[in-house]
Amino acid sequence: MSITVLFLLAIGLGLAGWLAARARAWTFRHESQTSRLAALPNYHAWYVALWIAIPMIVFATAWSMIAPQLITQSVLASPAADVLPEFGFKRETMLSEARAVATGAAPGVFNTDAQGLVEPYRNALSRYGTIGIIVTLLIGFLGGAWSFLKLKPDFAARTQVERIVMAILLLASLVAILTTLGILASLVFETIRFFGMVSPIDFLFGTHWGPDPMANADNPDASRYGAIPLFWGTIYIGAIIAMIVAIPLGLMSAIYLTQYANPRLRAWVKPALEILAGVPTVVYGYFAALTVAPAIRDMALATGLSNPSSESALAAGLVMGVMIIPFVSSMADDSIAAVPQAMRDGSLAMGATTSETIRRVLVPAALPGIVAGIMLAISRAIGETMIVVMAASTAANLSANPLDSMTTVTVQIVAMLTGEGSFDHPATLSAFALGFVLFLVTLGLNFVALRVVKRFREAYE
Amino acid sequence: MVTIVHPNLEDTDAKMSARGVSVYYGDKKAIDNVSIDIPTKYVTAFIGPSGCGKSTFLRALNRMNDTIPSARVEGDIMLDGEDIYRSKMDVVQLRARVGMVFQKPNPFPKSIYENIAYGPKIHGLADGKDELDAVVEKSLQRAGLWNEVKDRLTDSGTALSGGQQQRLCIARAIAVDPEVILMDEPCSALDPIATAKIEELIDELNGRYAIVIVTHSMQQAARVSQRTAFFHLGNMVEYGRTSDIFTNPQEERTKDYITGRYG
Ligand SMILES: Nc1ncnc2c1ncn2[C@@H]1O[C@H](COP(=O)(O)OP(=O)(O)OP(=O)(O)O)[C@@H](O)[C@H]1O
Ligand SMILES: [Mg+2]
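Thresholds, definitions, all that
Residues numbered from 1 in each chain as written. Chains lettered and ligands numbered in written order. Predicted model: local features only at pLDDT ≥ 70, side-chain atom pairs only at ≥ 80, totals over all residues. Heavy atoms only, no water. Helix = DSSP H or I, 4+ residues; strand = E, 2+ residues; numbered from the N terminus. Buried < 20%, exposed > 50% of the residue type's maximum accessible area, 1.4 Å probe, protein only. Contact = heavy atoms within 4.5 Å. Areas by Shrake-Rupley, 256 points an atom, 1.4 Å probe, with all protein chains shown as cover. Expected span 1.5 Å × (residues − 1). Bend = angle between axes of the 7 residues up to and from the residue. Buried area = accessible area lost by both parts, 1.4 Å probe. Salt bridge = Lys/Arg side-chain N within 4 Å of Asp/Glu carboxyl O. Polar contact = N/O pair within 3.5 Å; in protein donor to acceptor, adjacent residues only side chain to side chain. Near = heavy atom within 4 Å. Nonpolar A, V, L, I, M, F, W, Y, C, P; charged D, E, K, R; others polar. Domains from an automatic or database assignment. Pairing = 2+ DSSP bridges. Axes fitted to C-alpha atoms, helices over the stretch in contact; angles between N-to-C directions. Core = buried A, V, L, I, M, F, W, Y, C linked by side-chain atoms within 4.5 Å. Disulfide = S-S within 2.5 Å. Parallel < 35°, antiparallel > 145°, perpendicular 65-115°, else oblique. 1 Å grid on protein atoms, 1.4 Å probe; cavity = no way out; pocket = protein on both sides within 12 Å on 5 of 7 lines; lining within 4 Å. Points joined across faces, edges and corners; volume = space filled by probe spheres on them. pLDDT = per-residue confidence, 0-100. Left-handed = near helix turned anticlockwise from the far one by under 90°. Phe/Tyr/Trp six-rings, centres within 6.5 Å; stacked < 30°, edge-to-face > 60°. Lys NZ or Arg CZ within 6 Å of the ring centre and 35° of its normal.

## Examining the overall build of chain B
Line of reasoning, step 1. In terms of helices and strands, chain B carries 10 helices and 11 strands.
Line of reasoning, step 2. Overall size of chain B, expressed as C-alpha extent along the three principal axes, is 55 × 40 × 35 Å.
Line of reasoning, step 3. For chain B, the residues scored as buried account for 54% of the 263 residues in total.
Line of reasoning, step 4. Taking contacts inside chain B between residues at least 6 apart in sequence as the whole, the part at least 24 apart equals 67%.
Line of reasoning, step 5. As displayed, chain B offers around 11000 Å² of accessible surface, 48% of which is attributable to carbon and sulfur atoms.

## A look at helix α2 (residues 41–77) of chain A
Line of reasoning, step 1. In a regular helix each residue adds 1.5 Å, so 37 residues correspond to 54 Å; α2 of chain A covers 52 Å between its end C-alpha atoms and thus fits that length.
Line of reasoning, step 2. The sharpest bend along α2 of chain A reaches about 35° and sits at Ile 66 of chain A, with the proline Pro 68 of chain A one to four residues further on.

## Notes on the interface of chain A and chain B
A common way to state how big an interface is: give the accessible area lost once the parts meet.
Line of reasoning, step 1. If you look at the interface, chain A gives 17 residues, while chain B gives 23 residues.
Line of reasoning, step 2. Carbon and sulfur atoms supply 66% of the area that chain A and chain B bury against each other, a total of about 1600 Å² over both sides.
Line of reasoning, step 3. It is Ala 349, Met 350 and Arg 360 of chain A that lose the most area in chain A upon contact with chain B, and together they represent 41% of the buried surface on that side.
Line of reasoning, step 4. The interface formed by chain A and chain B contains 0 salt bridges.
Line of reasoning, step 5. At the junction of chain A and chain B, the tally comes to 4 residue pairs in polar contact (both at pLDDT 80 or more).
Line of reasoning, step 6. Contributing elements (two or more residues each) for the side of chain A that touches chain B: α11 (341–349) and α12 (354–383) of chain A.

## Concerning the site of ligand 1
Residue and element names in this part refer to chain B.
Line of reasoning, step 1. Looking at ligand 1, there are 13 residues lining it, with Ser 50, Lys 54, Ser 55, Thr 56 and His 216 nearest.
Line of reasoning, step 2. Contacts to ligand 1 include Ser 50, whose side-chain N or O atom sits 2.4 Å from an oxygen atom.
Line of reasoning, step 3. Notes on ligand 1: free accessible area 630 Å², of which the protein chains cover 64%.
Line of reasoning, step 4. For the shell around ligand 1, the secondary-structure elements that each account for two or more residues are β3 (28–39) and α1 (54–61).
Line of reasoning, step 5. Ranked by residues supplied to the shell around ligand 1, first place goes to α1 with 3 residues.
Line of reasoning, step 6. Its residues assigned to classes, the shell around ligand 1 comprises 4 nonpolar, 6 polar and 3 charged.

## Section: the domain arrangement of chain A
Line of reasoning, step 1. Each assigned domain of chain A is listed with its residue range as follows: domain 1 (3–155) and domain 2 (222–460).
Line of reasoning, step 2. Each of domain 1 of chain A and domain 2 of chain A has a C-alpha centre, and the two are 49 Å apart.

## Topic: the sheet that holds strand β6 (residues 82–83) of chain B
Residue and element names in this part refer to chain B.
Line of reasoning, step 1. Sheet architecture is open: 4 strands sit in the order β3-β2-β5-β6, paired in antiparallel fashion. Strand pairing shows two members of the sheet lacking a second neighbour, β3 and β6, which therefore form its edges.
Line of reasoning, step 2. Direction of pairing for strand β2 (residues 14–25) relative to strand β5 (residues 71–79): antiparallel, over a ladder of 8 bridges. Residue pairing in the sheet places Tyr 24 in a bridge with Arg 72 of β5.
Line of reasoning, step 3. Sheet strands in contact with α1 are β2, β3 and β5, and its direction is about 120° off that of β2.

## Some words on the nonpolar core
Line of reasoning, step 1. Counting 79 residues, the largest nonpolar core has Phe 203, Trp 209, Ile 237, Met 320, Ile 324, Ile 370 and Leu 434 of chain A as the members making the most contacts within it.
Line of reasoning, step 2. In terms of residue count, α12 of chain A provides more of this core than any other element does, 14 residues in total.
Line of reasoning, step 3. In this structure, Ile 324 of chain A is in contact with Met 243, Ala 246, Ala 377, Arg 380 and Ala 381 of chain A, ignoring residues within four places of it in sequence.
Line of reasoning, step 4. Grouped together as the second largest cluster of nonpolar side chains are 44 residues, Trp 146, Tyr 209, Phe 230 and Val 237 of chain B included.

## As for the state of the cysteines
All names here are of chain B.
Line of reasoning, step 1. This structure, assessed with the given rule, holds 0 disulfides over all chains.
Line of reasoning, step 2. Note on Cys 52: no disulfide assigned, nearest cysteine sulfur contributed by Cys 187 at a separation of 18 Å.
Line of reasoning, step 3. Here Cys 187 is not cross-linked by a disulfide; its sulfur's nearest cysteine counterpart is in Cys 169, at 12 Å.

## Let's talk about the packing of α2 of chain A against helix α3 (residues 89–103) of chain A
Residue and element names in this part refer to chain A.
Line of reasoning, step 1. Their axes nearest at 12 Å, the elements α2 and α3 cross at an angle of 110°. Overall, the two elements α2 and α3 adopt an arrangement that is roughly perpendicular. Here α2 contributes Thr 72, Val 75 and Leu 76 to the contact with α3, which in turn contributes Arg 91, Leu 95 and Arg 99.
Line of reasoning, step 2. Among the residues forming the contact of α2 with α3, the class breakdown is 3 nonpolar, 1 polar and 2 charged.

## Re the layout of surface pockets
Line of reasoning, step 1. Quantified by volume, the largest pocket comes out at close to 580 Å³.
Line of reasoning, step 2. Lining the largest pocket are 25 residues, and of these Thr 258, Gln 259, Tyr 260 and Arg 344 of chain A together with Thr 67 of chain B sit closest to its centre.
Line of reasoning, step 3. Listing elements by their share of the lining of the largest pocket, those giving two or more residues are α7 (228–260), α8 (263–278), α10 (313–338), α11 and α12 of chain A together with α2 (91–97) of chain B.

## Description of empty space enclosed by the protein
Residue and element names in this part refer to chain A.
Line of reasoning, step 1. Tallied over the full model, the rule gives 1 cavity of 30 Å³ or more.
Line of reasoning, step 2. Looking at the largest cavity, the residues that line it are Ser 253, Ala 254, Leu 257, Lys 270, Leu 273, Glu 274, Pro 326, Ser 329, Ser 330 and Asp 333.
Line of reasoning, step 3. Elements with a contribution of two residues or more to the lining of the largest cavity: α7, α8 and α10.
Line of reasoning, step 4. With 4 residues, α10 is the single largest residue contributor to the lining of the largest cavity.

## With respect to unusual backbone geometry
Residues and elements named next belong to chain B.
Line of reasoning, step 1. In this model, Asp 80 sits at a positive phi of 50°, which is unusual for a non-glycine residue.
Line of reasoning, step 2. Unlike most non-glycine residues, Asp 177 shows phi in positive territory, near 55°.
Line of reasoning, step 3. Tracing the backbone shows Asp 177 in the loop between α6 (162–174) and β8 (180–184).

## Topic: the environment of Ala 100 of chain A
All names here are of chain A.
Line of reasoning, step 1. You can see Ala 100 is positioned in helix α3.
Line of reasoning, step 2. Separated by 347 residues in sequence, Ala 100 and Phe 447 place their C-alpha atoms 49 Å apart.
Line of reasoning, step 3. Here Ala 100 is in contact with Ala 105 and Ala 106, once residues within four sequence places are set aside.

## Description of the confidence of the model for chain A
Line of reasoning, step 1. Per-residue pLDDT for chain A has a mean of 86; in total, 97% of the residues score no lower than 70.
Line of reasoning, step 2. Across chain A, the element-wise mean pLDDT spans from 80 in α3 of chain A up to 93 in α11 of chain A.

## Some points on the packing of α10 of chain A against α12 of chain A
All names here are of chain A.
Line of reasoning, step 1. At a minimum axis separation of 8 Å, α10 and α12 run at an interaxial angle of 155°. Here α12 runs roughly antiparallel to α10, going by the angle between their axes. For the pair α10 and α12, the crossing hand works out as right-handed. Together, Met 320, Met 323, Ile 324, Phe 327, Val 328, Met 331, Ala 332, Ser 335 and Ile 336 of α10 and Ala 366, Gly 369, Ile 370, Ala 372, Gly 373, Ile 374, Leu 376, Ala 377, Arg 380 and Ala 381 of α12 make up the contact between the two elements.

## Structural notes on the packing of aromatic side chains
Line of reasoning, step 1. Enumeration according to the criterion identifies 18 aromatic pairs over all chains in this entry.
Line of reasoning, step 2. Taking 6.0 Å as the distance between ring centres and 75° as the angle between the ring planes, the aromatic pair formed by Trp 18 of chain A and Trp 46 of chain A counts as edge-to-face. One end of the pair, Trp 18 of chain A, is in helix α1 (residues 3–31); the other, Trp 46 of chain A, is in helix α2, with 28 residues separating them in the sequence.
Line of reasoning, step 3. Under the relative-accessibility criterion, Trp 18 of chain A is labelled buried at 17%.
Line of reasoning, step 4. Here Phe 46 of chain B and Phe 231 of chain B contribute two aromatic rings whose centre-to-centre distance is 5.0 Å and whose plane-to-plane angle is 55°, an arrangement assigned as tilted. Of the two residues, Phe 46 of chain B is situated in strand β4 (residues 43–47) and Phe 231 of chain B in strand β10 (residues 227–232); the sequence distance between them amounts to 185 residues.
Line of reasoning, step 5. Its end group placed over the ring of Tyr 24 of chain B, Arg 72 of chain B keeps NZ or CZ at 4.4 Å from the ring centre.
Line of reasoning, step 6. The residue whose ring lies beneath Arg 172 of chain B is Phe 108 of chain B, and the NZ or CZ to ring-centre distance is 4.3 Å.

And the structure:
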């Protein structure tokens, strides 16, 4: 008995309640002298429908999580469970095989010992399925009866419905917030474990990065956990090289689109730019690794550099810059377009040319929005993984030469998590510490950017 | 449509003159065949019901309609006898000579000082900081704003009150020393006191600049202007001395409008 059935029941019963409540509300309207109810009949209807459906859905969801455990327990309590080994892998597979056969997901058991468990499983499934349906229906009827009895001509159904709707919306937003907090908590937990093995000072200020996942985990060599080269590589690729590409190109395209392009062209170019934002980053990664990086190496060779790296910071940064252009340009576009037309007219009426107006009035007025866009773009760039994983190297160099190979925080997170180290080895745990730092930095950038945007909005309202 | 011009206008020196001007927005005609002379020494008021094309015509006088892609101007408009649409005068020069003040005050989100210095800077009218300071002070003084803002020149122009902002915009316009100032309902967003200040200012400036003001207030037109043009449905119905228009209109429609029978 699946949760889908319970949901359908909830919806069906809710609909019935809706119709009944509406009919009831209409009779109020006909009976009452004033012909003015405290709320429209539809609100009465929704009030009852929500009181039926929501408790049912909540119970059905909870039940679908609890029921499997109850079923397993009752199977284990049955005499057929004696054939099961005490614990271990075999016990688990036998149980899941029997369950698969009982639900019809598998044609037969592979392990013949499990055959005896199929029947108890089938019984338990149907028993708890029936219980689920009955309780769900009961809850629905109770909710419906309780709310239906409250319906009166002067019942403020409207405010009640509004309140319920608000509560639902609040719950929805809480889900996102709680998920974020959960992620953060797990990150913090592992980070603390890591800092128990390697001191934060060594991690944050050390200049040599080369964790050895095979080394003794109990006594890690802290001097191999200096993350400065990673931070530098991240900033150099994501915030310097990429931005040298993205800021001018993004700004200029935004200015062109808002101030010069005719509407027909704009209607084409703007979506095209937005498509650029939708290209999966792995595709950019191919491009960086297969096209741009070799081209840069060939150019370096042609200019006489000996032995240039085939995985240069420049290649990853350039491609990342192109990827980021739409972020910069769409924020800049929005904020330039948000500068009131009156400002532009005022400047033009003074005899300023279009480009003077852009440079001296529009861009300064839109600057907070533009800066915020750039900050969001940087936070996006330094958190970007695919391009650097494919195009940057894993060699942690502390260098200012863009042709050198460098690595970034995200690349090392991937490398450490997929490395050979066991899960509680400091090399593996360092990935969480790196992730935590990255999280804090991007969070800070986003926070500042949003504040700036907000201030900017207020300025024109 | 016959345009009735009072025959007894003694002044013939026209700063700007329009001949057979029509303005279109796409296929829609917003101004139909208007001819008018804007005198050098007087304030000219444009009056008429909403949507009759006053702003459209005003914007044709400094080519602000160029910023609207669908707008198209036919006919001749001269500034000191030079065709502003077809001679070698470009819009930048034209707008330096024909300034504009808008209905809603629109100071730039810069300091008060920078707002005034904007025009002189882009037209290269001041050499060095001292000269620029002098221009800023003179413009603010002429606009009657100097005493109110002289201690806070670095504050943002947008932090001023509505009336102050509008005077700032007028100061900004006169900082480039234009020959004509076009004002499109400059007082419509202001209270009576701020309005009185602006009207005083217009009186002050009268004679130094040719001024054109669009207004919905008959009293204002009567108070500040010496010439009045009445527009209706894209036509200029009547043009003459303000005193004549208000006391002795020749056209039935003018009479109806100024006596408030429709609007
Ligand atoms: N940008 C535009 N695009 C298309 N039509 C316009 C545009 N601006 C004005 N119009 C039209 O041109 C006509 C004249 O408008 P205009 O703004 O000149 O009137 P107005 O006399 O200034 O009115 P008001 O006193 O309300 O300001 C109106 O019918 C208006 O709808
Ligand atoms: Mg107007």
